[in-house]
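# A structural walkthrough
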Amino acid sequence: MSPMLDVSDAVRAEIGEAEAERLLAGENAPGSYDCTSCRAPGDTHKERTSTVLFVGEETAVLAFAHANCIPSQVVSLSEEQLKGAVRNLAPDGPPQQAQPAPAPQTPRPPAQATSPEASSLPRTDQRQAVLGVTCGQVLIDENLHPAIVVEPTGPIARPGSDGPGDDFLPLLIEQGFLPVTEVAQPPAQVPGWSVLLAMGQLHAILMPPTGTGTQPVAWWQAHQPLAVTEGWRTAATKGHKVLVYAAPAGSIGQQPREDLLREALEKAAAGGVLVAAAMPLAGT
Ligand SMILES: [Zn+2]
């Protein structure tokens, strides 16, 4: 029986026609796997499964996900992140989940998502200020919504300017984020942005392609994939949506509990220093 595998054109182009056919014929596909998105077990013989190719600068790793969780796609990661992802896969799964993908037949173009000049927003300024990221669930309309709160460690200057001001919020508002006056009101979706959850962990917040690019680029990328709680992950994969809040340095701070995070968000909203946007999971 052939596995029920989805191999997208992008994945096919990377792994090559022959390898794609072998996968579809069941020669190279696993039976059971842990879904790379929600981490729950899956079975290629029982449910539609997406092939997900993680591509670093030098290596690539083929992984599998429930088709309901994410569609078949190529995900660009830094080599560092890819190694983290493989380490992550290896301990609790059979080795075929982390089998190296065959070398692509054509030289790989530089990975867009990891090239600093491919992006325009605060990325260029992260050398001075780092974006701190906290995951928590926020209660809106009696439902818990998975949320990410982003707060830089210092002022973010507009690329090219060396003034002392903090342009973090204006830069995000230019990108479609909206000021939050009421945390009880869910933020609107911002087109082209998404949240990359892979191997059950938070990897990046992606923004629309810049310049001549066609692939989304990482606005924020985890140095080390960020662990999220079971509840957060379940809510995110079920609703395919994450609320991303951002506030300038010093307005939220480290909050050890979700109710305190909520309070801090409300304080920032009342002070007019909170922006937000809803984003789908990458690829959905
Ligand atoms: Zn899944």
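Residues numbered from 1 in each chain as written. Predicted model: local features only at pLDDT ≥ 70, side-chain atom pairs only at ≥ 80, totals over all residues. Heavy atoms only, no water.

Right, let's talk about the overall build of the protein for a bit. Regarding its fold elements, the protein presents six helices and 14 strands. Taken across its 284 residues, the protein has 51% of its residues classed as buried. Pairs at least 24 residues apart make up 63% of the contacts formed inside the protein by residues separated by at least 6 positions. (Helix = DSSP H or I, 4+ residues; strand = E, 2+ residues; numbered from the N terminus. Buried < 20%, exposed > 50% of the residue type's maximum accessible area, 1.4 Å probe, protein only. Contact = heavy atoms within 4.5 Å.)

A separate point is the side chain of serine 50. Within the secondary structure, serine 50 is located in strand β4 (residues 49–55). Reaching out from serine 50, the side chain makes a polar contact with the backbone oxygen of isoleucine 70 at a distance of 2.7 Å. Among the polar contacts listed, one links the side chain of serine 50 to the backbone nitrogen of serine 72, at a separation of 3.4 Å. What serine 50 contacts, discounting residues up to four positions off in sequence, is Asp6, Ala63, Phe64, Ala65, His66, Ala67, Ile70, Pro71 and Ser72. (Polar contact = N/O pair within 3.5 Å; in protein donor to acceptor, adjacent residues only side chain to side chain.)

Another aspect to go through is the confidence of the model for the protein. When pLDDT is averaged across the protein, the result is 79; 83% of the residues are at 70 or more. Ignoring residues within four places in sequence, the model shows residues 90–127, a span with pLDDT below 50, making 81 contacts including any to other chains. (pLDDT = per-residue confidence, 0-100.)

Buried within helix α5 (residues 230–239) we find Trp232, Arg233, Ala236 and Thr237. The arc enclosing the buried residues of α5, seen along the axis, measures out at 115 degrees, which places them on a common side. Looking at α5, the residues exposed on the side facing more than 90 degrees away from the buried face are Glu230 and Lys238. Along its buried surface, α5 packs onto β7 (131–140), β8 (143–152), β10 (194–198) and β13 (241–246). (Arc of directions from axis to C-beta.)

Moving on: the sheet that holds strand β14 (residues 275–280). The mixed open sheet is built from five strands, whose spatial order is β7-β8-β13-β14-β9. A strand with exactly one partner marks an edge of an open sheet, and here the two such strands are β7 and β9 (178–179). When β8 meets β13, the two strands line up parallel, connected through four bridges. Paired with isoleucine 148 across the strands is valine 244, a residue of β13. Docked against the sheet, helix α6 (residues 258–270) engages β7, β8 and β13, running at close to 100 degrees with respect to β7. (Pairing = 2+ DSSP bridges. Axes fitted to C-alpha atoms, helices over the stretch in contact; angles between N-to-C directions.)

Its identity is not glycine, yet glutamate 142 carries a phi of approximately 65 degrees, on the positive side. On the secondary structure map, glutamate 142 appears in the loop between β7 and β8. Here glutamate 142 falls in the exposed class, since its relative accessible area comes to 76%. Here histidine 240, not a glycine, exhibits a phi torsion of approximately 55 degrees, which is positive.

Turning to the sheet that holds strand β11 (residues 201–207), a few remarks are in order. The strands that make up a sheet are held in pairs by hydrogen bonds between backbone atoms, and each pair lies either parallel or antiparallel. Across the sheet, three strands lie side by side as β10-β11-β12; this open sheet has antiparallel pairing. Looking at the sheet topology across the chains shown, the edges are occupied by β10 and β12 (217–227). Pairs of neighbouring strands in the sheet enclose a mean axial angle of 15 degrees, with direction left out of account.

Here we come to the packing of aromatic side chains. Summed over the entire model, instances satisfying the criterion amount to four aromatic pairs. Ring geometry for tyrosine 33 against phenylalanine 64: centres 6.1 Å apart, planes inclined by 45 degrees, an arrangement best described as tilted. Here tyrosine 33 is found in strand β2 (residues 32–34), whereas its partner phenylalanine 64 is found in strand β5 (residues 60–66), with 31 residues between them in sequence. Both residues of the pair, tyrosine 33 and phenylalanine 64, belong to the buried class. (Phe/Tyr/Trp six-rings, centres within 6.5 Å; stacked < 30°, edge-to-face > 60°.)

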